[in-house]
Amino acid sequence: MYRNKRSGLLGIIITIIVLVFIVIFSNREANTPFFENVANKLVMPVQNGLTYLKNKLSGNSTFFTDISNLRTENQDLKERNSQLEQLLRELENIRTENETLKEYLGLTEKYGEYKTIPGYVINKDISNYSKTIVINVGKKDGIKENMTVIADEGLVGHVISVTDNTAKVRTIIDTSSSISCLMNTNKDSIVCKGTLESNTELKAMYISTDANLVQGDSVDTSGLGGIYPKGIHVGNVKKIITTQNKTDRYAMIETAVDFNKLNTVLVVKNN
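The notes below deal with the structure included here. (Residues numbered from 1 in each chain as written. Predicted model: local features only at pLDDT ≥ 70, side-chain atom pairs only at ≥ 80, totals over all residues. Heavy atoms only, no water.)

## Re the side chain of Lys131
Secondary-structure assignment places Lys131 in strand S2 (residues 131-135). Excluding its chain neighbours within four sequence positions, the residues that come into contact with Lys131 are Asp125, Ile126, Val169, Arg170, Thr171, Ile173, Asp174, Thr195, Leu196, Ser198 and Asn199. (Helix = DSSP H or I, 4+ residues; strand = E, 2+ residues; numbered from the N terminus. Contact = heavy atoms within 4.5 Å.)

So this is what it looks like as structure tokens:
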């Protein structure tokens, strides 16, 4: 109990001392009390920051409204961009269709003496052993087997099978293809066949011993053989290979048609 009284007395003394110091400091710094000065140093930076933020927001009362408007505008721009992309795709399709129609028109004018059916390539199988294409016209369009297929540059091949809506075409570069041709300069007959080695050349064989081969000479169909009509351009003599036996000589014919880039064709009805 004595200890409790002693502790209480000590607390009273300490409190009195603290109050005395407060009075002393209050008298020495009348303008800035000690505790007020401490409080100012601790609180004022925070208060200043909050005041700055308040003023900033007060000076731009539409801040959050502008954010909402920007989001709406951004969504509108995305939708407009999507619409423009769709429009560009449609224009590109129209441009492609227009180019195809121009090609058809050019082909029709070029081969006006023939009754033809236009089509375009939907599949290609240009490998070493099979060099065929598939076009988007078939029985419903009047396509039949053995009809001649041509392009702007010249002969493509002939139809070998037909469905209602498609036709398979054996190209002249196929190894099983054989075309009876004439060289333009001297009208000598040759037979052009596809090769395993090339997709751009034909091998000209059965050349008569007295034929005068000319490099660069144009080669056209002769009309013999029952498939291809006469006068369709096949290609040009690229090189001539001579042998010890003149009857075995042959030539390489570069095809007029680039089969890697072939897209538009005509099927000739009146072979």
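## Quick look at the pairing of strand S8 (residues 201-205)
Successive side chains on a regular strand alternate, one facing one side of the sheet and the next facing the other. Sheet topology note: the strand S7 (residues 189-194)/S8 ladder contains four bridges and is antiparallel. Counted as the bridge partner of Val191 is Met205 from S8. Hairpin remark: S7 followed by S8, antiparallel, with six residues in the connecting loop. Strand direction decides the pairing type here: S8 and strand S11 (residues 250-255), joined by four bridges, are antiparallel. Bridge assignment links Leu202 to a residue of S11, and that residue is Ile253. (Pairing = 2+ DSSP bridges.)

## Here we look at the environment of Ile190
Its place among the elements puts Ile190 in strand S7. For the pair formed by Ile190 and Ala211, sequence separation is 21 residues and the distance between their alpha carbons is 9.7 Å. Among residues more than four places away in sequence, those in contact with Ile190 are Ile179, Ser180, Cys181, Met183, Ala204, Met205, Tyr206, Ile207 and Val219.

## Topic: the pattern of salt bridges
Inspection of the entire model under this criterion finds one salt bridge. A salt bridge links Lys238 to Glu201; its shortest N-O distance comes to 2.8 Å. Here Lys238 is found in strand S10 (residues 233-241), whereas its partner Glu201 is found in strand S8, with 37 residues between them in sequence. Here Lys238 falls in the partly exposed class, since its relative accessible area comes to 37%. (Salt bridge = Lys/Arg side-chain N within 4 Å of Asp/Glu carboxyl O. Buried < 20%, exposed > 50% of the residue type's maximum accessible area, 1.4 Å probe, protein only.)

## Overview of the nonpolar core
Counting residues in each nonpolar core, the largest one holds 43 residues, and the members touching the most others are Ile135, Val156, Val159, Ile172, Val219, Leu262 and Val267. Beyond its immediate stretch of four places on either side in the chain, Ile135 contacts Tyr120, Val121, Ile122, Asn165, Thr166, Ala167, Val169, Val265 and Val267. (Core = buried A, V, L, I, M, F, W, Y, C linked by side-chain atoms within 4.5 Å.)

## As for the pairing of strand S1 (residues 116-126)
Sheet topology places S1 next to strand S12 (residues 264-268); five bridges connect them, and they run antiparallel. Bridging across to S12, Gly119 finds its partner in Val265. Direction of pairing for S1 relative to S2: antiparallel, over a ladder of five bridges. Its bridge partner being in S2, Val121 is matched across the sheet by Ile135. In sequence, S1 turns back onto S2 through a hairpin of four residues.

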